[in-house]
Amino acid sequence: MSPVSILLIGFAMSTDAFAAAIGKGAAMRRPRFSDALRAGLIFGVIEGITPVIGWLLGRAALQYVEAFDHWIAFGLLGALGVHMIINGLRPDDGAEDEDTSKHHGFWRLAMTGFATSIDAMAVGIGLAFLDVHIGVMALIIGLCTLIMVTAGIMLGRVLGGMVGKRAEIIGGLILIIIGSTILYEHLSGAIA
């Protein structure tokens, strides 16, 4: 997998966390950079761990599915991309309208971080079937998430819900493109 694809996956995996961070930033009363960095660290660590867990699960199944692993990677990335696009197109339910200023403690942020990292675990499963170093991938995903969440918190007061949903749609499109590229490279290599 090329360095550009790895970086794109890292940013794609962080778009839902970015969208959540914008919502958190909009709900916080004047978030400071230290608050944003703390949230970024929590999300980044969780988002970096989950693809490794998925990768370990995928490696355990590798010997059984090696002949069609490229289809699994394509299917997982494509389905996840479609799911992210659908979530990005869905209107907000208004759940953030309540007073959420007191809901930004460690455990609340960790639960939100885990909820937004389930897709990274699914990507980790798909990566188990590809020639990619999972440590590098997890580090890139974690760092991208740290940057995106920190920026999202700080931008939240200004941008609110305007950008969050669009970021998730873009992330979904990136995953579909990468999954299609993996399938195309494998099939064109098999034909040649």
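Everything here concerns the structure above.
Moving on to a nonpolar patch on the surface. On the surface, a cluster of nonpolar side chains totalling about 360 Å² of accessible area is made up of Phe33, Leu37, Leu41 and Met154. Of note, methionine 154 is situated in helix α6 (residues 134-159). For methionine 154, a relative accessible area of 33% gives the class partly exposed.

The subject of this paragraph is the side chain of threonine 145. Structurally, threonine 145 is set in helix α6. When its relative accessible area of 0% is taken as the criterion, threonine 145 is described as buried. Among the polar contacts made by the side chain of threonine 145, one reaches the main-chain carbonyl oxygen of isoleucine 141 at a distance of 2.8 Å. Among all residues touching threonine 145, those that are not within four sequence positions of it are Ser14, Ala17, Phe43, Gly44 and Glu47.

What follows concerns the nonpolar core. Counting 23 residues, the largest nonpolar core has Ile9, Met13, Val123, Leu127, Met137 and Leu175 as the members making the most contacts within it. Among the elements of the structure, α1 (3-27), α3 (69-89), α5 (118-127), α6 and α7 (161-191) are those that each provide at least two residues to this core. Counting residues in hydrophobic clusters, the runner-up holds twelve residues, among them Ala17, Ala21, Ala110 and Val149.

By the secondary structure assignment, arginine 32 is in the loop between α1 and α2 (33-65). As for arginine 32 and isoleucine 153, which are separated by 121 residues in sequence, their C-alpha atoms are 8.9 Å apart.

Next up on the list: helix α4 (residues 106-115). Those residues of α4 lying buried are Leu109, Ala110, Thr112 and Gly113. Angular distribution of buried residues about the axis of α4 spans 165°; they occupy a single face of the element. Of the exposed residues in α4, those oriented more than 90 degrees away from the buried face are Trp107, Met111 and Ala115.

Cut-offs used in this document
- Residues numbered from 1 in each chain as written.
- Predicted model: local features only at pLDDT ≥ 70, side-chain atom pairs only at ≥ 80, totals over all residues.
- Heavy atoms only, no water.
- Patch = residues over 30% accessible without salt bridge, like charges linked within 9 Å, V, L, I, M, F, W, Y side chains within 5 Å.
- Areas by Shrake-Rupley, 256 points an atom, 1.4 Å probe, with all protein chains shown as cover.
- Salt bridge = Lys/Arg side-chain N within 4 Å of Asp/Glu carboxyl O.
- Helix = DSSP H or I, 4+ residues; strand = E, 2+ residues; numbered from the N terminus.
- Buried < 20%, exposed > 50% of the residue type's maximum accessible area, 1.4 Å probe, protein only.
- Polar contact = N/O pair within 3.5 Å; in protein donor to acceptor, adjacent residues only side chain to side chain.
- Contact = heavy atoms within 4.5 Å.
- Core = buried A, V, L, I, M, F, W, Y, C linked by side-chain atoms within 4.5 Å.
- Arc of directions from axis to C-beta.

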